Amino acid sequence: MFNVNIYIEQNEIIGEFVADSYFFEPSKYEYAYYLYKNGERVDTVWYKRSMKVKFLVNDMSGDFFIKAFIKDIELENIRNYNSEKISVAL
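Because the structure is predicted, anything quoted here is derived from the model rather than measured.

So, how was this worked out
- Residues numbered from 1 in each chain as written.
- Predicted model: local features only at pLDDT ≥ 70, side-chain atom pairs only at ≥ 80, totals over all residues.
- Heavy atoms only, no water.
- Helix = DSSP H or I, 4+ residues; strand = E, 2+ residues; numbered from the N terminus.
- Contact = heavy atoms within 4.5 Å.
- Core = buried A, V, L, I, M, F, W, Y, C linked by side-chain atoms within 4.5 Å.
- Buried < 20%, exposed > 50% of the residue type's maximum accessible area, 1.4 Å probe, protein only.

Asker: Give me the lowdown on the environment of Leu 35, citing residues and values where you can.
Answerer: If you trace the backbone, Leu 35 turns up in strand 3 (residues 29-37). Once residues within four sequence positions are removed from consideration, Leu 35 is found in contact with Ile 13, Glu 40, Arg 41, Val 42, Asp 43, Phe 55, Val 57, Phe 64, Phe 65 and Ile 66.

Written as structure tokens, this is what we have:
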């Protein structure tokens, strides 16, 4: 039902939840994000209402992925999804 897209713009790594259901109501959920570099968590964005996140990265070389969490505000159940890995070589 969900995918997490990851891409790079300038010196930021961007992650975005994508829902593949017409019945999904984004306002019923909160989202949190971890950024991983070379298998180690390097940044965290705690729960917020945005399905998109930007991480400022000083050293862009390495393998990156985002673990994204989606929490139902009413039921408080949490699911998580990983993005694909992207490799950056400078």
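That shown, we press on.
Asker: Give me the nonpolar core: which residues, what numbers.
Answerer: Ile 13, Phe 17, Tyr 31, Tyr 33, Phe 55, Phe 64 and Ile 66 are the most contacted members of the largest nonpolar core, which totals 22 residues. Looking at this core, the elements that each hand over two or more residues are strand 1 (2-9), strand 2 (12-19), strand 3, strand 5 (52-56), strand 6 (62-72) and strand 8 (86-88). Every residue in contact with Tyr 31, bar those within four places of it in the chain, is listed here: Phe 17, Phe 24, Pro 26, Trp 46, Tyr 47, Lys 48, Arg 49, Ser 50, Met 51, Phe 69 and Ile 70. Core analysis: the next-biggest nonpolar cluster, separate from the first, contains five residues, Ala 32, Tyr 34, Tyr 36 and Phe 65 among them.

Just geometry here; none of it tells us what the structure is for.
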